[in-house]
Amino acid sequence: MHEATKNDAEYVFGKRVDGFDQHSDRVTAHFSDGTSGEYDLLIGAAGQGSRTRRALLPQGFDPYWRVGIHMAYWFVPRIASDTNIRDTYMVPGGRQIMRRSHNATETQVYFVMREESAEVSAIHRAPVEQQQKFWAERFKAPES
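Residues numbered from 1 in each chain as written. Predicted model: local features only at pLDDT ≥ 70, side-chain atom pairs only at ≥ 80, totals over all residues. Heavy atoms only, no water.

K.L.:
Teacher, can you tell me more about the packing of aromatic side chains here?
P.N.:
The relative placement of two aromatic rings is captured by the distance of their centres and the angle of their planes. Counted under the stated rule, the structure contains 9 aromatic pairs. Seen from their ring centres, Trp74 and Phe111 are 6.1 Å apart, and the 70° between their planes marks the pair as edge-to-face. Highlighted residues: Trp74 in strand β4 (residues 69-77) and Phe111 in strand β7 (residues 106-114), separated in sequence by 37 residues. An aromatic cluster of three or more residues is present, and its members are Trp74, Phe111, Phe134, Trp135 and Phe139. Here Lys15 stacks its cationic end above the ring of Phe31, 5.4 Å away from the centre of that ring. Just above the ring of Phe139 sits the side chain of Arg95; from NZ or CZ to the centre is 5.5 Å. (Phe/Tyr/Trp six-rings, centres within 6.5 Å; stacked < 30°, edge-to-face > 60°. Helix = DSSP H or I, 4+ residues; strand = E, 2+ residues; numbered from the N terminus. Lys NZ or Arg CZ within 6 Å of the ring centre and 35° of its normal.)

K.L.:
Could you clarify how one ought to interpret a nonpolar patch on the surface in this entry?
P.N.:
Nonpolar side chains collect at one region of the surface, where Met1, Leu41 and Ile43 lie side by side and expose about 380 Å² of accessible area between them. Relative to the helices and strands, Met1 resides in the segment before α1 (2-5). Relative accessible area serves as the criterion here: at 67%, Met1 is assigned to the exposed category. (Patch = residues over 30% accessible without salt bridge, like charges linked within 9 Å, V, L, I, M, F, W, Y side chains within 5 Å. Areas by Shrake-Rupley, 256 points an atom, 1.4 Å probe, with all protein chains shown as cover. Salt bridge = Lys/Arg side-chain N within 4 Å of Asp/Glu carboxyl O. Buried < 20%, exposed > 50% of the residue type's maximum accessible area, 1.4 Å probe, protein only.)

Put into structure tokens, the structure is as follows:
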């Protein structure tokens, strides 16, 4: 999108939108560095729980559609057998392990599972070491 519109639109990078005022024919964006600007259109390229999204939604609206699927990923050193094609392994019990390499030195390893518990819903707030232990425990091989 940027490439197709960069000569006709003003892009603002490196700043956060802290607020905005919607007018009938324009929007005034207020940025994290204290500056403001008037625009025809405000597009926020932010995540599901972003400030911009929260500002647009009705007060108290929950932007998440919870389906009980949780994911964690880590970067690990890339090895010779890692290709640029994603590998996926489906594990019994609603679990999945994926591997994808997108650069010459690192591979991303994803753990995905379906679970609805208070523990899994809160684990992303725990220290990284506790998160790693949690995910390793959920994905360890059953004892024979």
